[in-house]
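Below, each chain spelled out in residue letters.
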Amino acid sequence: MADSNRDPKDIIDDAISFIKKERELYGDFSVDFESKESTKNESPATQTTPTDNNAVTEPSLQESSSSGNNQQDEGFTPQEGLFNKDESNDVYYHIDKCNSLDELKTLCQKADVLRTDLEGTQLVFGVGNPDADLMIIGEAPGAEEDKQGEPFVGKAGKLLDKILNAIDFKREDVYIANILKHRPPNNRNPKPEERERSLPFLLRQIDLIEPKLILAVGKVAAQTLLDKNLSLTKMRGQFHDFRGKYELLATYHPAALLRHQKWKRPTWEDVQLLRERYDELGGQP
(Lines give C-alpha, C1' and ligand atoms only; values in the text may rest on other atoms or scores of the structure.)
Protein backbone atom coordinates (compact mmCIF):
# COMPACT_ATOMS: atom_id res chain seq x y z
CA MET A 1 0.00 0.00 0.00
CA ALA A 2 1.29 3.47 -0.85
CA ASP A 3 2.38 5.67 2.08
CA SER A 4 -0.19 8.47 2.34
CA ASN A 5 2.25 10.55 4.39
CA ARG A 6 4.80 10.83 1.58
CA ASP A 7 5.31 14.12 -0.16
CA PRO A 8 3.66 13.91 -3.61
CA LYS A 9 6.76 15.48 -5.16
CA ASP A 10 8.87 12.58 -3.85
CA ILE A 11 6.44 10.06 -5.32
CA ILE A 12 6.58 11.77 -8.72
CA ASP A 13 10.39 11.88 -8.55
CA ASP A 14 10.38 8.10 -7.94
CA ALA A 15 8.01 7.58 -10.84
CA ILE A 16 10.18 9.57 -13.23
CA SER A 17 13.28 7.69 -12.09
CA PHE A 18 11.45 4.40 -12.72
CA ILE A 19 10.34 5.48 -16.21
CA LYS A 20 13.90 6.47 -17.12
CA LYS A 21 15.12 3.01 -16.09
CA GLU A 22 12.40 1.41 -18.18
CA ARG A 23 13.48 3.52 -21.18
CA GLU A 24 17.06 2.27 -20.77
CA LEU A 25 15.86 -1.34 -20.80
CA TYR A 26 13.05 -1.23 -23.35
CA GLY A 27 13.79 1.65 -25.69
CA ASP A 28 12.33 5.08 -26.24
CA PHE A 29 8.70 5.96 -25.58
CA SER A 30 6.79 9.16 -25.01
CA VAL A 31 6.67 10.55 -21.47
CA ASP A 32 5.82 14.09 -20.39
CA PHE A 33 8.65 14.91 -18.00
CA GLU A 34 7.38 18.49 -17.75
CA SER A 35 4.77 17.22 -15.29
CA LYS A 36 7.49 17.15 -12.67
CA GLU A 37 8.09 20.90 -12.97
CA SER A 38 4.41 21.75 -13.16
CA THR A 39 3.73 19.80 -9.99
CA LYS A 40 6.44 21.70 -8.15
CA ASN A 41 4.73 24.96 -9.07
CA GLU A 42 1.34 23.88 -7.78
CA SER A 43 0.15 24.91 -4.38
CA PRO A 44 -0.14 22.13 -1.77
CA ALA A 45 -3.92 22.37 -1.99
CA THR A 46 -3.92 21.51 -5.70
CA GLN A 47 -1.36 18.66 -5.55
CA THR A 48 -2.76 15.14 -5.64
CA THR A 49 -1.46 11.97 -4.04
CA PRO A 50 -1.57 8.77 -6.13
CA THR A 51 -4.10 6.23 -4.98
CA ASP A 52 -3.13 2.62 -4.23
CA ASN A 53 -4.19 1.62 -7.75
CA ASN A 54 -1.63 4.01 -9.22
CA ALA A 55 1.18 3.35 -6.74
CA VAL A 56 4.66 3.24 -8.21
CA THR A 57 6.29 -0.19 -8.23
CA GLU A 58 9.96 -0.97 -8.63
CA PRO A 59 11.12 -2.97 -11.67
CA SER A 60 11.70 -6.66 -11.01
CA LEU A 61 15.00 -6.70 -12.88
CA GLN A 62 17.32 -4.86 -10.52
CA GLU A 63 20.96 -5.34 -9.65
CA SER A 64 23.39 -2.98 -7.99
CA SER A 65 26.30 -1.93 -10.19
CA SER A 66 29.97 -2.58 -9.51
CA SER A 67 33.29 -2.02 -11.19
CA GLY A 68 36.09 -4.34 -12.21
CA ASN A 69 35.62 -7.98 -11.19
CA ASN A 70 33.56 -7.34 -8.07
CA GLN A 71 30.42 -9.46 -7.93
CA GLN A 72 27.01 -7.85 -7.62
CA ASP A 73 25.30 -7.55 -4.25
CA GLU A 74 21.83 -8.20 -5.63
CA GLY A 75 20.47 -10.84 -7.96
CA PHE A 76 17.87 -10.26 -10.62
CA THR A 77 14.89 -12.27 -11.70
CA PRO A 78 14.88 -13.55 -15.28
CA GLN A 79 11.27 -13.44 -16.45
CA GLU A 80 10.28 -15.16 -19.66
CA GLY A 81 8.71 -12.76 -22.14
CA LEU A 82 9.38 -9.72 -19.95
CA PHE A 83 11.19 -7.91 -22.73
CA ASN A 84 8.79 -8.90 -25.51
CA LYS A 85 6.72 -5.76 -25.79
CA ASP A 86 3.95 -5.31 -28.30
CA GLU A 87 5.93 -2.91 -30.47
CA SER A 88 7.03 -4.00 -33.92
CA ASN A 89 10.04 -1.69 -33.89
CA ASP A 90 11.37 -3.11 -30.62
CA VAL A 91 14.03 -5.78 -31.09
CA TYR A 92 12.79 -7.66 -28.01
CA TYR A 93 9.35 -7.97 -29.57
CA HIS A 94 10.82 -10.24 -32.24
CA ILE A 95 12.71 -12.67 -30.00
CA ASP A 96 9.90 -15.18 -29.52
CA LYS A 97 9.07 -14.91 -33.22
CA CYS A 98 12.42 -16.50 -34.06
CA ASN A 99 11.73 -20.15 -34.86
CA SER A 100 15.28 -21.19 -35.64
CA LEU A 101 18.79 -20.43 -34.50
CA ASP A 102 19.52 -18.81 -37.86
CA GLU A 103 16.61 -16.40 -37.40
CA LEU A 104 17.73 -15.60 -33.86
CA LYS A 105 21.30 -15.04 -35.00
CA THR A 106 20.10 -12.62 -37.68
CA LEU A 107 18.14 -10.73 -35.03
CA CYS A 108 21.18 -10.65 -32.74
CA GLN A 109 23.30 -9.19 -35.53
CA LYS A 110 20.89 -6.26 -35.70
CA ALA A 111 20.52 -5.83 -31.94
CA ASP A 112 22.62 -2.92 -30.71
CA VAL A 113 21.38 -3.68 -27.17
CA LEU A 114 23.73 -6.67 -27.16
CA ARG A 115 26.83 -4.53 -27.61
CA THR A 116 29.12 -3.52 -24.77
CA ASP A 117 31.09 -0.28 -24.45
CA LEU A 118 33.92 -1.78 -26.50
CA GLU A 119 33.64 -0.62 -30.09
CA GLY A 120 34.28 -2.75 -33.15
CA THR A 121 33.42 -6.16 -31.68
CA GLN A 122 31.70 -8.85 -33.69
CA LEU A 123 28.83 -11.05 -32.64
CA VAL A 124 29.76 -14.29 -30.88
CA PHE A 125 26.44 -16.08 -31.16
CA GLY A 126 27.18 -19.70 -30.27
CA VAL A 127 28.43 -22.85 -31.89
CA GLY A 128 27.80 -26.58 -31.91
CA ASN A 129 25.06 -29.11 -32.38
CA PRO A 130 21.68 -27.33 -32.66
CA ASP A 131 20.00 -30.50 -31.35
CA ALA A 132 22.45 -30.99 -28.50
CA ASP A 133 21.29 -32.53 -25.23
CA LEU A 134 24.05 -30.63 -23.40
CA MET A 135 24.52 -26.88 -23.57
CA ILE A 136 27.53 -25.12 -22.04
CA ILE A 137 27.20 -21.45 -21.12
CA GLY A 138 30.04 -19.12 -20.15
CA GLU A 139 30.00 -15.44 -19.27
CA ALA A 140 31.34 -13.44 -22.23
CA PRO A 141 33.66 -13.66 -25.24
CA GLY A 142 37.34 -12.84 -24.87
CA ALA A 143 39.74 -11.35 -27.39
CA GLU A 144 40.28 -14.55 -29.36
CA GLU A 145 36.58 -15.39 -29.33
CA ASP A 146 35.80 -11.92 -30.63
CA LYS A 147 38.40 -12.31 -33.36
CA GLN A 148 37.05 -15.66 -34.56
CA GLY A 149 33.38 -15.10 -33.76
CA GLU A 150 33.20 -18.36 -31.81
CA PRO A 151 33.02 -18.99 -28.05
CA PHE A 152 35.77 -20.83 -26.15
CA VAL A 153 38.52 -20.95 -28.76
CA GLY A 154 41.49 -19.61 -26.78
CA LYS A 155 43.47 -21.38 -24.06
CA ALA A 156 40.34 -21.77 -21.97
CA GLY A 157 38.56 -23.25 -24.97
CA LYS A 158 41.28 -25.85 -25.47
CA LEU A 159 41.01 -26.81 -21.81
CA LEU A 160 37.23 -27.07 -22.16
CA ASP A 161 37.73 -29.46 -25.09
CA LYS A 162 40.00 -31.62 -22.90
CA ILE A 163 37.42 -31.67 -20.12
CA LEU A 164 34.71 -32.70 -22.56
CA ASN A 165 36.89 -35.40 -24.05
CA ALA A 166 37.59 -36.76 -20.58
CA ILE A 167 33.87 -37.49 -20.12
CA ASP A 168 33.42 -38.82 -23.66
CA PHE A 169 32.07 -35.71 -25.36
CA LYS A 170 33.31 -34.10 -28.52
CA ARG A 171 32.98 -30.37 -29.04
CA GLU A 172 30.59 -30.95 -31.93
CA ASP A 173 28.30 -33.01 -29.66
CA VAL A 174 27.36 -30.03 -27.48
CA TYR A 175 26.26 -26.44 -27.99
CA ILE A 176 28.36 -23.62 -26.52
CA ALA A 177 27.30 -20.02 -25.87
CA ASN A 178 27.81 -17.14 -23.44
CA ILE A 179 25.64 -14.81 -21.38
CA LEU A 180 26.98 -11.87 -23.44
CA LYS A 181 27.29 -12.08 -27.20
CA HIS A 182 29.81 -9.26 -27.55
CA ARG A 183 33.17 -8.88 -25.87
CA PRO A 184 33.44 -6.46 -22.92
CA PRO A 185 36.69 -4.45 -22.64
CA ASN A 186 39.65 -5.68 -20.60
CA ASN A 187 37.98 -9.03 -19.88
CA ARG A 188 35.88 -7.41 -17.16
CA ASN A 189 32.79 -9.09 -15.78
CA PRO A 190 29.57 -8.31 -17.64
CA LYS A 191 27.73 -5.35 -16.17
CA PRO A 192 24.27 -5.94 -14.67
CA GLU A 193 22.57 -4.00 -17.46
CA GLU A 194 24.50 -5.97 -20.10
CA ARG A 195 23.32 -9.23 -18.61
CA GLU A 196 19.74 -7.99 -18.44
CA ARG A 197 19.77 -6.91 -22.06
CA SER A 198 21.38 -10.14 -23.28
CA LEU A 199 19.47 -12.67 -21.21
CA PRO A 200 16.22 -12.76 -23.27
CA PHE A 201 18.21 -13.65 -26.40
CA LEU A 202 20.02 -16.44 -24.57
CA LEU A 203 16.79 -17.82 -23.09
CA ARG A 204 15.31 -18.06 -26.57
CA GLN A 205 18.49 -19.73 -27.80
CA ILE A 206 18.18 -22.31 -25.02
CA ASP A 207 14.53 -22.97 -25.84
CA LEU A 208 15.32 -23.48 -29.52
CA ILE A 209 18.00 -26.04 -28.66
CA GLU A 210 16.05 -27.68 -25.80
CA PRO A 211 19.01 -29.37 -24.09
CA LYS A 212 18.46 -31.95 -21.39
CA LEU A 213 21.24 -30.41 -19.32
CA ILE A 214 22.96 -27.04 -19.02
CA LEU A 215 26.48 -26.61 -17.67
CA ALA A 216 27.12 -23.06 -16.45
CA VAL A 217 30.86 -22.44 -16.26
CA GLY A 218 31.99 -19.66 -13.94
CA LYS A 219 30.30 -17.69 -11.17
CA VAL A 220 28.92 -14.95 -13.44
CA ALA A 221 27.13 -17.44 -15.69
CA ALA A 222 25.76 -19.42 -12.75
CA GLN A 223 24.61 -16.37 -10.80
CA THR A 224 22.92 -14.88 -13.86
CA LEU A 225 21.04 -18.01 -14.88
CA LEU A 226 20.09 -19.13 -11.37
CA ASP A 227 19.42 -15.63 -10.02
CA LYS A 228 21.45 -16.43 -6.93
CA ASN A 229 23.99 -14.15 -5.29
CA LEU A 230 26.02 -17.07 -3.99
CA SER A 231 29.58 -18.23 -4.30
CA LEU A 232 30.31 -20.87 -6.89
CA THR A 233 31.27 -23.21 -4.06
CA LYS A 234 27.68 -23.12 -2.83
CA MET A 235 26.13 -23.47 -6.29
CA ARG A 236 28.25 -26.29 -7.70
CA GLY A 237 27.96 -30.01 -7.02
CA GLN A 238 24.17 -30.20 -7.46
CA PHE A 239 21.58 -29.93 -10.19
CA HIS A 240 19.30 -26.90 -10.12
CA ASP A 241 15.87 -26.54 -11.69
CA PHE A 242 16.08 -23.94 -14.43
CA ARG A 243 12.81 -22.33 -15.51
CA GLY A 244 10.94 -25.57 -14.85
CA LYS A 245 12.27 -27.02 -18.09
CA TYR A 246 15.92 -27.88 -17.67
CA GLU A 247 18.49 -29.11 -15.17
CA LEU A 248 21.51 -26.92 -14.61
CA LEU A 249 24.87 -27.71 -13.08
CA ALA A 250 27.44 -25.04 -12.22
CA THR A 251 31.19 -25.47 -12.15
CA TYR A 252 34.41 -23.48 -12.48
CA HIS A 253 35.32 -21.67 -15.68
CA PRO A 254 38.22 -23.24 -17.62
CA ALA A 255 40.04 -19.88 -17.49
CA ALA A 256 39.93 -20.05 -13.70
CA LEU A 257 41.43 -23.54 -13.78
CA LEU A 258 44.40 -22.19 -15.73
CA ARG A 259 45.12 -19.85 -12.81
CA HIS A 260 44.09 -22.01 -9.86
CA GLN A 261 45.10 -25.67 -9.90
CA LYS A 262 43.15 -26.35 -6.69
CA TRP A 263 39.85 -26.05 -8.57
CA LYS A 264 40.62 -28.82 -11.07
CA ARG A 265 39.59 -31.60 -8.67
CA PRO A 266 36.13 -30.18 -7.87
CA THR A 267 35.60 -29.45 -11.57
CA TRP A 268 36.42 -33.04 -12.40
CA GLU A 269 33.89 -34.17 -9.80
CA ASP A 270 31.26 -31.88 -11.30
CA VAL A 271 31.69 -33.05 -14.88
CA GLN A 272 31.62 -36.70 -13.82
CA LEU A 273 28.31 -35.95 -12.13
CA LEU A 274 27.20 -34.25 -15.33
CA ARG A 275 28.02 -37.26 -17.46
CA GLU A 276 26.24 -39.62 -15.10
CA ARG A 277 23.07 -37.54 -15.14
CA TYR A 278 23.31 -37.09 -18.90
CA ASP A 279 23.29 -40.86 -19.38
CA GLU A 280 20.39 -41.25 -16.92
CA LEU A 281 18.32 -38.81 -18.98
CA GLY A 282 19.07 -40.71 -22.18
CA GLY A 283 21.20 -38.02 -23.77
CA GLN A 284 22.67 -38.66 -27.20
CA PRO A 285 25.21 -39.84 -28.04
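Residues numbered from 1 in each chain as written. Predicted model: local features only at pLDDT ≥ 70, side-chain atom pairs only at ≥ 80, totals over all residues. Heavy atoms only, no water.

Novice: Pulling in residues and values, what's your account of the packing of helix H3 (residues 101–110) against helix H6 (residues 192–209)?
Specialist: Each pair of packed helices gets described by two things: the angle between the helix axes and the distance between those axes. At a closest axis distance of 10 Å, the pairing of H3 and H6 adopts a crossing angle of 170°. Here H3 is positioned roughly antiparallel relative to H6, judged by the angle of their axes. Considering how the two elements wind past one another, H3 and H6 form a crossing that is left-handed. Listed contacts from H6 to Leu101, Leu104, Leu107 and Cys108 of H3 are Phe201, Arg204, Gln205, Leu208 and Ile209. Considered class by class, the residues forming the contact of H3 with H6 number 7 nonpolar, 1 polar and 1 charged. (Axes fitted to C-alpha atoms, helices over the stretch in contact; angles between N-to-C directions. Helix = DSSP H or I, 4+ residues; strand = E, 2+ residues; numbered from the N terminus. Parallel < 35°, antiparallel > 145°, perpendicular 65-115°, else oblique. Left-handed = near helix turned anticlockwise from the far one by under 90°. Contact = heavy atoms within 4.5 Å. Nonpolar A, V, L, I, M, F, W, Y, C, P; charged D, E, K, R; others polar.)

Novice: Describe the nonpolar core, and please don't skip the residues or the numbers.
Specialist: The biggest cluster of nonpolar side chains holds 58 residues, and the ones touching the most others in it are Leu134, Met135, Ile136, Phe201, Leu202 and Leu225. If one sorts the elements of this core by residue count, H6 sits on top with 6 residues. Not counting the four nearest positions on each side in its chain, methionine 135 is found in contact with Tyr175, Ala177, Leu202, Gln205, Ile206, Ile209, Pro211, Leu213, Ile214 and Leu215. (Core = buried A, V, L, I, M, F, W, Y, C linked by side-chain atoms within 4.5 Å. Buried < 20%, exposed > 50% of the residue type's maximum accessible area, 1.4 Å probe, protein only.)

Novice: Break down the sheet that holds strand E2 (residues 134–138) for me, with residues and values.
Specialist: Sheet architecture is open: 6 strands sit in the order E1-E3-E2-E4-E6-E5, paired in mixed fashion. Bordering the open sheet on either side are strand E1 (127–128) and strand E5 (239–242), each of which pairs with just one other strand. With respect to the sheet, H6 is in contact with E2, strand E3 (175–178), strand E4 (213–217), E5 and strand E6 (246–251), its orientation differing from that of E2 by roughly 165°. (Pairing = 2+ DSSP bridges.)

Novice: Account for the layout of surface pockets, with residues named and values stated.
Specialist: Here the largest pocket is characterised by a volume of approximately 860 Å³. Surrounding the largest pocket, 32 residues form its lining, Glu139, His253, Ala255, Ala256 and Arg259 being those nearest its centre. Ranked by the residues each element gives to the lining of the largest pocket, the list is headed by helix H9 (residues 254–259), at 4 residues. In terms of residue class, the lining of the largest pocket is built from 13 nonpolar, 12 polar and 7 charged. (1 Å grid on protein atoms, 1.4 Å probe; cavity = no way out; pocket = protein on both sides within 12 Å on 5 of 7 lines; lining within 4 Å. Points joined across faces, edges and corners; volume = space filled by probe spheres on them.)

Novice: Give me the lowdown on the pairing of E2, citing residues and values where you can.
Specialist: Among the 5 residues of E2, 5 are classified as buried, and the element is accordingly described as predominantly covered. Neither face of E2 is left uncovered, since the one carrying Leu134, Ile136 and Gly138 and the one carrying Met135 and Ile137 both have all their residues buried. Here E2 pairs with E4 via 4 bridges, running parallel. Residue pairing in the sheet places isoleucine 137 in a bridge with alanine 216 of E4. Relative to E3, E2 is paired through 4 bridges, and the arrangement is parallel. Bridging from a neighbouring strand, glycine 138 pairs with asparagine 178 of E3.

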